[in-house]
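An overview of the molecular structure
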Amino acid sequence: MSNAKYLILLGAPGAGKGTQAGILREKFGLAHISSGDLFRENVSKQTPLGKLAKSYMDKGELVPDDVTIQMVMDRIARPDCAKGVVFDGFPRTAAQAKALDVALAKEGKKINAVLLVNVRDEVLVERLTARWTCPTCGSVYNRLSSPPKIEGKCDKDGSALTQRDDDKPATVKNRLTVYYTQTAPLIDFYRNAGTLRETDGEQSIEQVQAAIVKIVESL
Ligand code: AMP
């Protein structure tokens, strides 16, 4: 029996899943599978999958299950996943959750814990809409935690900062609606499976990390 751990970070966009997944990857030597990052890679390389995904991402909608599941299954098949995985942003629908269970079961593996990161809506909206990028040099700012010296202008070259399409308020609202209708039902799915563990995502990054590490170490 291998002691590789298979973990899911569950929570709304802006809950801090990506940050915590990066920390878990480092600490426990897990592969980090972020479906959002995989899609963004495809978008920047302008692959057929990227072109398809972009049309959904820009609106804050989910990319269809069949292509999403296929993309993640291809990633899981890579050798680095044998030492365990932290899934971030996947699964996001019941069909994805079931496909993941089936794929892991075929390898004699299962999800060990689902780490639900709870953050209230008003905090999520504030976090997501605070991110601004320089179109000239690519610098990223956060209006709350790392603002530019002059509002709306890049510190390095003075360009007017722009917002990622899916971080604009209307799209952020839609991403949250999509989360509550399509992804939040997974909370009960995993609660019934006995794997759900909840954490308060409004604490500092270090406090959330400590809570999650404690859970993972107890598995
Ligand atoms: P994220 O970076 O996880 O917020 O993902 C950005 C966007 O990628 C989402 O708003 C969706 O359009 C798409 N996406 C990421 N993961 C999934 C998934 N598991 N299922 C469907 N669409 C996804």
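Scroll up to find the structure this text is about.
Here's a quick rundown of the structure. Treat the numbers as computed from the prediction; the structure is a model and nothing was measured.

Structural notes on helix 4 (residues 65-76)
- Compared with an ideal rise of 1.5 Å per residue, which puts twelve residues at 16 Å, helix 4 spans 16 Å between its outermost C-alpha atoms and is within 8% of the ideal.
- Turning to helix 4, its buried residues number three or more, namely Thr68, Ile69, Met71, Val72, Met73, Arg75 and Ile76.

Points about helix 5 (residues 94-106)
- Over its 13 residues, helix 5 runs 19 Å from end to end, which matches the ideal 18 Å to within 8%, given 1.5 Å per residue.
- Buried residues of helix 5: Gln96, Ala97, Leu100, Ala103 and Leu104, and no others. Buried positions in helix 5, seen along its axis, are confined to an arc of 130° and lie on one side of it. Across from the buried face of helix 5, at angles greater than 90 degrees, the exposed residues are Ala105 and Lys106.
- On its buried side, helix 5 packs onto strand 1 (5-10), helix 4, strand 3 (84-88) and helix 8 (185-193).
- Following helix 5 by one or two positions, Gly108 adopts a phi angle in the positive range, close to 70°.

Comments concerning the packing of aromatic side chains
- The final tally for this structure, using the stated rule, is three aromatic pairs.
- Considering the side-chain rings of Phe87 and Phe90, the 6.3 Å spacing of their centres and the 45° angle between planes classify their relative orientation as tilted.
- On the basis of relative accessible area, Phe90 is assigned to the buried category, the value being 0%.
- Taking the centre distance of 5.0 Å and the plane angle of 85° together, the rings of Phe189 and Tyr190 count as edge-to-face.
- By relative accessible area, Phe189 is classed as partly exposed at 26%.
- When its relative accessible area of 2% is taken as the criterion, Tyr190 is described as buried.

Structural notes on the layout of surface pockets
- Looking at the second largest pocket, its volume works out to about 250 Å³.
- Looking at the second largest pocket, the residues that line it are Arg40, Val43, Ser44, Lys54, Met57, Asp58, Arg164, Asp165 and Asp166.
- Breaking the lining of the second largest pocket down by element, the ones donating at least two residues are helix 2 (35-44) and helix 3 (48-57).
- A total of three residues in the lining of the second largest pocket trace back to one element, the largest contributor, which is helix 2.
- Grouping the amino acids of the lining of the second largest pocket by side-chain chemistry returns two nonpolar, one polar and six charged.

About the cut-offs
Every residue gets a number counted from 1 within its own chain, in the order that chain's sequence is written. Where local features are concerned, this predicted model is filtered to residues with pLDDT of at least 70; where side-chain atom pairs are given and counted, the filter is 80 or more; whole-chain, interface and lining totals use all residues. Remark: hydrogens and water are excluded; side-chain values derive from all non-hydrogen atoms of the structure. Labels follow the DSSP assignment, with helices taken as runs of H or I lasting at least four residues and strands as runs of E lasting at least two, numbered in each case from the N terminus. To estimate how far a helix should extend, the number of its residues minus one is multiplied by 1.5 Å. Think of it in three bands: residues with accessible area under 20% of the maximum for their type are buried, residues over 50% are exposed, and the middle band is partly exposed, with areas taken using a 1.4 Å probe on protein chains only. For this quantity, the arc is that covered by the directions from the helix axis to the C-beta atoms. The contact definition used throughout considers only heavy atoms, calling two residues in contact when any of these lie within 4.5 Å. Any pair of Phe, Tyr and Trp rings, taking the six-membered ring for Trp, is counted once the centres come within 6.5 Å. Such a pair is stacked with planes under 30 degrees apart, edge-to-face with planes over 60 apart, and tilted for the rest. Put plainly, a pocket is an open set of points on a 1 Å grid over the protein atoms alone with protein on both sides within 12 Å along at least five of seven lines, a cavity is a set where a 1.4 Å probe fits but cannot get out, and a lining residue has an atom within 4 Å of a point. Grid points are joined across faces, edges and corners, and a volume is the space filled by probe spheres set on the points. Each residue is assigned to one of three groups, with Ala, Val, Leu, Ile, Met, Phe, Trp, Tyr, Cys and Pro labelled nonpolar, Asp, Glu, Lys and Arg labelled charged, and all others, Gly among them, labelled polar.

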